[in-house]
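# Remarks on the overall topology
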Amino acid sequence: MAKKCDVPRTFNVAAVGLSGTEKEKGSTGVGKSCLCNRFVRHLADDYHVDHISVLSQTDFSGRVVNNDHFLYWGEVTKTSDEGVDFNFNVVEQTEFIDDSSFQPFKSSKTDPYYKRCTTIKLTSAEKLMYICKNQLGIEKEYEQKMIPEGKLSIDGFVCVFDVSDVPGRTIDKQVEYTCLILNNLMKTKKPIVLATTKNDEARESYVKEAERLVSRREYKGSIPLVETSAHEDVSVDLAFIVLAQMIDRTKGKSKIVPFLEAALRR
Ligand code: GTP
Ligand code: MG
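Residues numbered from 1 in each chain as written. Chains lettered and ligands numbered in written order. Predicted model: local features only at pLDDT ≥ 70, side-chain atom pairs only at ≥ 80, totals over all residues. Heavy atoms only, no water.

## Digging into the overall build of the protein
Scanning the protein from N- to C-terminus turns up eight helices and ten strands. Oriented by its inertia axes, the alpha-carbon framework of the protein measures out at about 50 × 45 × 35 Å. Looking at the protein as a whole, 54% of its 266 residues qualify as buried. By element, 50% of the accessible surface of the protein is carried by carbon and sulfur atoms, the whole surface being about 13100 Å². (Helix = DSSP H or I, 4+ residues; strand = E, 2+ residues; numbered from the N terminus. Buried < 20%, exposed > 50% of the residue type's maximum accessible area, 1.4 Å probe, protein only. Areas by Shrake-Rupley, 256 points an atom, 1.4 Å probe, with all protein chains shown as cover.)

Below you can see the structure in the form of structure tokens.
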């Protein structure tokens, strides 16, 4: 019989974290899109810092957003330090805001974000992979890759926590909201990694908040914390690989390296 392990298994991962209007998330997002961008297309020329969140009705109903509040970031293969290959499909769960009303677009699901983002069965017929903001409206000029068979079953979650200081968002609010997300994610029984983002601009006390968050009793020590920076390309792959290794325990266990050490190694 052919050895099954020759073909790398595909891991379907959803990136989640505080989303919504400026009232909820402050002047800027927590870093979900940048993390996904750096993971899926890591080359400097393919890395964009400005991603979509406030949209026209036309862009919301175009084939990339497809009237959903999630983006399909595409597929990528990564190799762990131990030389094991991992194949990933990545989606980002966010909340798109209507540029005329500044309220979230209405969609078929009316659940609040912290519940909706924990969905493990995603469907969206002929939804196109998102590449960058400029793609909207001129999709034909970019690679057109569709979400496989119009659906994805999520195997695990990367929950994002921003450790930088963002005007209009208090750390208490982010902790409270992330807890809501994590409590709902725990109910899915799928593995979760907490990825702190923007560690290149970290506030030490916010890093401590993230550590306190994952050590809460209700998470039973089951949520590893990986300190990342998408801008500086530090430990982004590690966050996803650690998650894949929790989903498939036969694939080894990578060492989680603190941010400063990982930044120096780069
Ligand atoms: P929404 O989807 O709108 O909720 O936002 P998001 O969570 O996807 O955030 P996004 O990735 O769009 O990041 C928001 C902003 O944070 C970016 O435009 C960057 O300016 C900044 N940012 C993201 N990643 C990093 C990082 O690694 N370092 C620093 N310093 N800033 C970052
Ligand atoms: Mg985003």
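Now that the structure has been shown, we can carry on.
## A closer look at the pattern of salt bridges
One pass over the full model with this rule turns up 14 salt bridges. One salt bridge connects aspartate 155 with arginine 9, and the closest N-O pair in it is separated by 3.9 Å. Taken together, the residues span a long stretch of sequence, with aspartate 155 in the loop between strand 7 (151–153) and strand 8 (156–162) and arginine 9 in the segment before strand 1 (10–16) at a distance of 146 residues. A residue is classified by how much of its surface remains accessible, and aspartate 155, at 15% relative accessible area, is buried. Looking at arginine 9, the relative accessible area reads 33%, which means it is partly exposed. Residue glutamate 95 pairs with arginine 116 through a salt bridge whose shortest N-O separation is 2.5 Å. Linking glutamate 95 in the loop between strand 4 (85–93) and strand 5 (97–98) with arginine 116 in helix 4 (residues 113–116), this pair joins segments that are 21 residues apart in sequence. One network of salt bridges, in which partners are shared, links Asp162, Arg169 and Lys198. (Salt bridge = Lys/Arg side-chain N within 4 Å of Asp/Glu carboxyl O.)

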